[in-house]
Amino acid sequence: MSYFLWIEDFENSPKITATEVLGGINIDEQQFANKKQQLKKNLEAQGIYIELSFQDGLGFIRQNLGKIDYIILDIDLAAYSQDDTINTDVLALLETFQDYQKPVDEKEEEQRLKEECAKLKALAGYYLYTELVVELGFPKQHILFCSNHGENSTSTRDAFKTAKIALPTIYEKSAPEVQAWVKTCYENPYSRLRRGIIEGCRHLKTLSEDKLRFKDFVKDPEKKPSLEDFHDYLDVLEQFLPLSIHENKDSTSLYKLFIRILAHEWEAAEPKQLNSQKELFAFSWIMKMTRNWLAHSKVFEQLTPQDVAYLFIVNMRAMFDLGDDLLPYEKHLLSLFTNVISADEMTNRIGDNPKKRNERNLTGRNIPLVENYALLLKATGNTWQAINYHDALNNLQKHKEKGSGSELLIKGLYQTFWFLTSSGGVYIPPNDDQIKDFAALNYQFKYFDYKKPEYLFEVARHIYTRSFS
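None of the values given here were measured: they were computed from a predicted structure. (Residues numbered from 1 in each chain as written. Predicted model: local features only at pLDDT ≥ 70, side-chain atom pairs only at ≥ 80, totals over all residues. Heavy atoms only, no water.)

*Asks:* What is the right way to read helix α16 (residues 406-421) from this model?
*Replies:* Between its first and last C-alpha, α16 extends 23 Å over 16 residues, near the 22 Å set by a 1.5 Å rise per residue. At Tyr414, α16 is bent by approximately 35°, the largest bend along its length. With 14 of its 16 residues buried, α16 lies for the most part within the structure. (Helix = DSSP H or I, 4+ residues; strand = E, 2+ residues; numbered from the N terminus. Expected span 1.5 Å × (residues − 1). Bend = angle between axes of the 7 residues up to and from the residue. Buried < 20%, exposed > 50% of the residue type's maximum accessible area, 1.4 Å probe, protein only.)

Given below as structure tokens:
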């Protein structure tokens, strides 16, 4: 999901308003409470921050804009909530744009403030929009104007016209375009990917040095990175993807550049198995191959958001000791994968069930999975040589023409996960056509232990279809 800021004072029913605006996205309608504060609490857990006044919305924009991806603005907002007092930011705005001067008399001051706040109410959306777009450079295509106060839209329209700023479309909250815009933004793959990476980097920067295990992959003492080095590395990753892009034009090159930065640290590292964890052997090989292929080929010309999410998760699991649980940012990134098999299906298909181990022909054909030291056959002149799967991938990459076989090699990075973390495999000799194209070396899958750590199980079931489709 993408993260939203919704600035709305809910003069009408909060439940009805929330249903009108957010009803098109996958949120349980029971979350749409009819009390403002409860609704605010419920929706924050869904990545939607609600501010109930102009003052609170302005404060969020100035202090926490990096937390969100899209903004929904009401055009008509109370200057500040009844439980608050007016703050210096709003007073400064009144002085600058409405020529407010504080009277000496307290009663007169109270009356003047009331009058000025009433004027501000009709222009609140305009003030917030210009703060976002003009002052802070927030992309206007990430802002939706909607209001049920048609009688006040004239003030807003006149303000835009006077300022010589193009007027954005203002929708009624019940308009179908509102739900459609929110749904499109909420499910936007690029925004989801970017947000997951940001939240991941922020979490990783809170970890202590004893959680950093990447240095165990580096032999040269002079090249072992410090925790401060990794904070710099995470800062670059966190800030790399811009908020808004032309997706068809810019995303492919951005993804490749991002992966280049992500994998660069593996230049000085060597894959190995640490603490009897086969998954670390798998993750380190995946990232080492990624780094090498980036330096010497054009494998990564057609990356998808799912591919970037997968490599980010794998990389950080190799670099840091993150425990057995699936972390929130990982769950967020895995939501990019569609056609995900259920937990029950995962357990039934590839769980450690002796009665099922001989029935792993999961898709009606043999699945290319073997145990971590499974042998592949590679044609070498008139002889056959037994090699490991990751070595076979590397050999394939070296002998492919630049830019060819990219999809096969990217899929190989997924299948490496299975080859090096599965608990067993049965070799089925390939025929000559398969050897020539390296397209479907056949292994009948034995089993992937469902008792593995939670995060590993979740990663496996999310990438399963992408690995073997």
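*Asks:* Any chance you could explain the layout of surface pockets here in plain terms?
*Replies:* Vacant regions in the atomic arrangement are exposed by a probe of water-molecule size rolled over the atoms. Put simply, the largest pocket is a space of about 650 Å³. Elements that contribute at least two residues to the lining of the largest pocket include exactly α8 (189-204), α13 (328-334) and α18 (454-468). A per-class count over the lining of the largest pocket returns nine nonpolar, six polar and five charged. (1 Å grid on protein atoms, 1.4 Å probe; cavity = no way out; pocket = protein on both sides within 12 Å on 5 of 7 lines; lining within 4 Å. Points joined across faces, edges and corners; volume = space filled by probe spheres on them. Nonpolar A, V, L, I, M, F, W, Y, C, P; charged D, E, K, R; others polar.)

*Asks:* Looking at this model, I keep getting lost on the side chain of Thr416. Mind explaining?
*Replies:* Tracing the backbone shows Thr416 in helix α16. A relative accessible area of 0% means that Thr416 is categorised as buried. Within the local environment of Thr416, its side chain forms a polar contact with the backbone oxygen of Gly412, the two atoms lying 2.7 Å apart. (Polar contact = N/O pair within 3.5 Å; in protein donor to acceptor, adjacent residues only side chain to side chain.)

*Asks:* When you look at the sheet that holds strand β4 (residues 143-146) in this model, what are you seeing that I'm missing?
*Replies:* Across a sheet, paired strands are connected by hydrogen bonds in the backbone, their directions being either parallel or antiparallel. Taken in spatial order, the five strands make up an open sheet running β2-β1-β3-β4-β5, and their pairing is parallel. Both edges of this open sheet fall to β2 (48-51) and β5 (170-171), since each of them pairs with a single strand only. Two elements, strand β1 (residues 4-7) and β2, share four bridges in a ladder whose sense is parallel. For Ile7, the partnering residue across the bridge sits in β2 and is Glu51. Of the strands in this sheet, β1, β2 and β3 (70-73) touch helix α1 (residues 14-22), which is tilted by about 135° from β1. Strands β1, β3 and β4 of the sheet are contacted by helix α5 (residues 106-135), whose axis makes an angle of about 170° with β4. (Pairing = 2+ DSSP bridges. Contact = heavy atoms within 4.5 Å. Axes fitted to C-alpha atoms, helices over the stretch in contact; angles between N-to-C directions.)

*Asks:* What is the right way to look at helix α4 (residues 88-97) in this model?
*Replies:* The periodicity of an α-helix, 3.6 residues per turn, causes residues three or four places apart in sequence to face the same way. Inspection of α4 places Val90, Leu93 and Leu94 among the buried residues, and these make up the whole buried set. Looking straight down α4, one finds its buried side chains confined to an arc of 100°; they lie on one side. Turned more than 90 degrees away from the buried face of α4 sit Thr88 and Thr96, all of them exposed. Contacts made by the buried residues of α4 are with α3 (54-64) and α5. Of the residues flanking the start of α4, the one acting as N-cap is Asn87, its side-chain oxygen 3.1 Å from the backbone nitrogen of Asp89. The first or second residue beyond α4 is Asp99, which carries a positive phi of 55°. (Arc of directions from axis to C-beta.)

*Asks:* Would you explain the pattern of salt bridges in this entry?
*Replies:* When the charged atoms of two side chains lie near each other, side chains of opposite charge can form a pair. Scanning the entire structure with this criterion turns up 25 salt bridges. Between Lys173 and Asp74 there is a salt bridge whose closest N-O contact spans 3.5 Å. A residue pair is termed long-range when its members are at least 10 positions apart, and Lys173 in the loop between β5 and α7 (176-186) and Asp74 in the loop between β3 and α4 qualify at 99 residues. With relative accessibility at 4%, the residue Lys173 sits in the buried group. Here Lys205 makes a salt bridge to Asp235, at a shortest N to O gap of 2.6 Å. Separated by 30 residues along the polypeptide, Lys205 in the loop between α8 and α9 (227-240) and Asp235 in helix α9 bring together distant segments of the chain. Residue Asp235 is classed as partly exposed on the basis of its relative accessible area, which comes to 27%. (Salt bridge = Lys/Arg side-chain N within 4 Å of Asp/Glu carboxyl O.)

*Asks:* Help me out: how do you make sense of the packing of aromatic side chains in this one?
*Replies:* Two descriptors summarise a pair of aromatic rings, namely the distance from one centre to the other and the angle between the planes of the rings. The final tally for this structure, using the stated rule, is 29 aromatic pairs. Judged by centre distance (6.3 Å) and plane angle (65°), the rings of Phe54 and Tyr127 are edge-to-face. Here Tyr127 lies in helix α5 and Phe54 lies in helix α3, a separation of 73 residues in the sequence. The pair formed by Phe54 and Tyr127 is uniform in burial state, with each residue classed as buried. Measuring from ring centre to ring centre gives 6.4 Å for Phe258 and Phe312, while their planes differ by 35°; the resulting arrangement is tilted. Note that Phe258 is positioned in helix α10 (residues 247-263) and Phe312 in helix α12 (residues 305-319), a separation of 54 residues in sequence. Of the aromatic side chains, those joined through ring pairs into one cluster are Phe54, Phe97, Tyr126, Tyr127, Tyr129, Phe145 and Phe160. The residue whose ring lies beneath Arg317 is Tyr455, and the NZ or CZ to ring-centre distance is 3.6 Å. (Phe/Tyr/Trp six-rings, centres within 6.5 Å; stacked < 30°, edge-to-face > 60°. Lys NZ or Arg CZ within 6 Å of the ring centre and 35° of its normal.)

Any functional reading would require information beyond the geometric quantities listed.
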